Amino acid sequence: FGYAPTDMLHYSGAFHPLLGWMIKHFNLLFPSINGFSVLLYFGFFIAFTVLFVQILNNRFSGFRIFLYLCLCLVFETWFLIRPSFTALALVLSLAAYLKLYVFLKSPEHSFRHLIGPLLLFSFSAMLRLPATLVFAVPALVLYFPYLKARIKPVLLFAALFLCVLFNLHLSQRLVYENKVT
């Protein structure tokens, strides 16, 4: 798409310019605080909170808490020690896939329960789109038994997500081609 329009985007050229714009203005407001770190740790906080809530899912069993603690020890500590945008995109997409699974499994959930996964997928796609799609095939295998009963909301969600991805791509292309800052 051409050259990056600002020095900030040269430093962070792999993710969406909207995030670069947010980090740039955060760094202008708070020059002594690293905006990249704030974005990373805020994103990890959101993703791991969503994972914690979805794993417990109103059932405080010892196995669920053990499962979350294992997840924390294996993944979260490593990601928090060595944060990266790819790791954040992976964790955000995992949280979104888990929220989507809970939606599919529970027929009483309405379409508004898909807003969370849509926002998590969008944030993940703004960071690293390929990392967002890493869990797609295992998720489809997990979702398969529930797809027939919830096909309309799933198709609507897929259409909305594709529209969001298309708009993110167009806005990124506009920024890089027209050097809009």
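Here the structure is a predicted model, which is why all the values come from computation and not from measurement. (Residues numbered from 1 in each chain as written. Predicted model: local features only at pLDDT ≥ 70, side-chain atom pairs only at ≥ 80, totals over all residues. Heavy atoms only, no water.)

## Describing the overall build of the chain
Next, step 1: Per the secondary structure count, the chain includes 9 helices and 0 strands.
Next, step 2: Going residue by residue from the N terminus, the α and β elements of the chain occur as α-α-α-α-α-α-α-α-α.
Next, step 3: By the compact-globule yardstick of 16 Å for 181 residues, the chain fits well, its C-alpha radius of gyration being 18 Å.
Next, step 4: Principal-axis analysis of the C-alpha atoms places the extent of the chain at approximately 50 × 35 × 25 Å. (Helix = DSSP H or I, 4+ residues; strand = E, 2+ residues; numbered from the N terminus. Rg over C-alpha atoms; globule rule 2.2 N^0.38 Å.)

## Thoughts on helix α5 (residues 85-105)
Next, step 1: With 21 residues, α5 extends 30 Å from end C-alpha to end C-alpha; this agrees with the ideal 30 Å at 1.5 Å per step.
Next, step 2: Most of α5 is tucked away: 15 of the 21 residues are buried. (Expected span 1.5 Å × (residues − 1). Buried < 20%, exposed > 50% of the residue type's maximum accessible area, 1.4 Å probe, protein only.)

## Details of a nonpolar patch on the surface
Next, step 1: A cluster of nonpolar side chains, Leu 29, Phe 30, Ile 33 and Val 38, forms an exposed patch at the surface whose accessible area comes to about 360 Å².
Next, step 2: Its location among the elements puts Phe 30 in the loop between α2 (17-29) and α3 (35-56). (Patch = residues over 30% accessible without salt bridge, like charges linked within 9 Å, V, L, I, M, F, W, Y side chains within 5 Å. Areas by Shrake-Rupley, 256 points an atom, 1.4 Å probe, with all protein chains shown as cover. Salt bridge = Lys/Arg side-chain N within 4 Å of Asp/Glu carboxyl O.)

## Quick notes on the confidence of the model for the chain
Segments scoring low in pLDDT should not have their predicted coordinates read at a detailed level.
Next, step 1: Of all residues in the chain, 90% have pLDDT values of 70 or greater, and the mean over the chain is 81.
Next, step 2: Highest mean pLDDT in the chain belongs to helix α6 (residues 115-127) (90); lowest belongs to helix α1 (residues 7-11) (47). (pLDDT = per-residue confidence, 0-100.)

## Examining the nonpolar core
Next, step 1: In terms of nonpolar packing, the biggest core is built from 45 residues, with Phe 44, Leu 127 and Tyr 143 touching the most fellow members.
Next, step 2: When residues of this core are traced back to their parent elements, those giving at least two are α2, α3, α4 (62-81), α5, α6, α8 (136-147) and α9 (151-178).
Next, step 3: Of the residues forming this core, the biggest block, 13 residues, is contributed by α5. (Core = buried A, V, L, I, M, F, W, Y, C linked by side-chain atoms within 4.5 Å.)

## Structural notes on the packing of α6 against α9
Next, step 1: The geometry of α6 relative to α9 is characterised by a closest axis approach of 10 Å and an angle of 30° between their N-to-C directions. If you check the angle between α6 and α9, you find them roughly parallel. When the axes of α6 and α9 are compared, the crossing they make is right-handed. For the pair α6 and α9, contact is made by Pro 117, Leu 118, Phe 121, Ser 122, Ala 125 and Met 126 and by Phe 157, Leu 160, Phe 161, Val 164, Leu 165 and Leu 168, respectively.
Next, step 2: Per-class residue counts for the contact of α6 with α9 are 11 nonpolar, 1 polar and no charged. (Axes fitted to C-alpha atoms, helices over the stretch in contact; angles between N-to-C directions. Parallel < 35°, antiparallel > 145°, perpendicular 65-115°, else oblique. Left-handed = near helix turned anticlockwise from the far one by under 90°. Contact = heavy atoms within 4.5 Å. Nonpolar A, V, L, I, M, F, W, Y, C, P; charged D, E, K, R; others polar.)

## Quick look at the packing of aromatic side chains
Next, step 1: Under the criterion given, the structure shown has 12 aromatic pairs.
Next, step 2: A ring pair is formed by Phe 44 and Phe 48, whose centres lie 6.3 Å apart and whose planes are at 25°; its orientation type is stacked. Here Phe 44 and its partner Phe 48 are both found in helix α3, 4 residues apart, which amounts to about one turn of the helix.
Next, step 3: On the accessibility criterion, Phe 44 (1% relative accessible area) is buried.
Next, step 4: Among the residues examined, Phe 48 registers a relative accessible area of 4% and is labelled buried. (Phe/Tyr/Trp six-rings, centres within 6.5 Å; stacked < 30°, edge-to-face > 60°.)

## As for the packing of α3 against α5
Next, step 1: In contact at an axis separation of 9 Å, α3 and α5 are set at 25° when each is read in the N-to-C sense. When the axes of α3 and α5 are compared, the pair comes out roughly parallel. Here α3 runs over α5; the crossing is left-handed. Within the contact between the two elements, α3 uses Phe 36, Leu 39, Leu 40, Gly 43, Phe 44, Ala 47, Phe 48, Val 50, Leu 51, Gln 54 and Ile 55 and α5 uses Phe 85, Ala 87, Leu 88, Val 91, Leu 92, Leu 94, Ala 95, Leu 98, Lys 99 and Val 102.

## Re α2
Next, step 1: Compared with an ideal rise of 1.5 Å per residue, which puts 13 residues at 18 Å, α2 spans 18 Å between its outermost C-alpha atoms and is within 8% of the ideal.
Next, step 2: Within the span of α2, buried status applies to Pro 17, Leu 19, Gly 20 and Ile 23. Buried residues along α2 cover an arc of 150° about the axis, so they all sit on one side. Residues of α2 that are exposed and angled more than 90 degrees away from the buried face: Leu 28 and Leu 29. (Arc of directions from axis to C-beta.)

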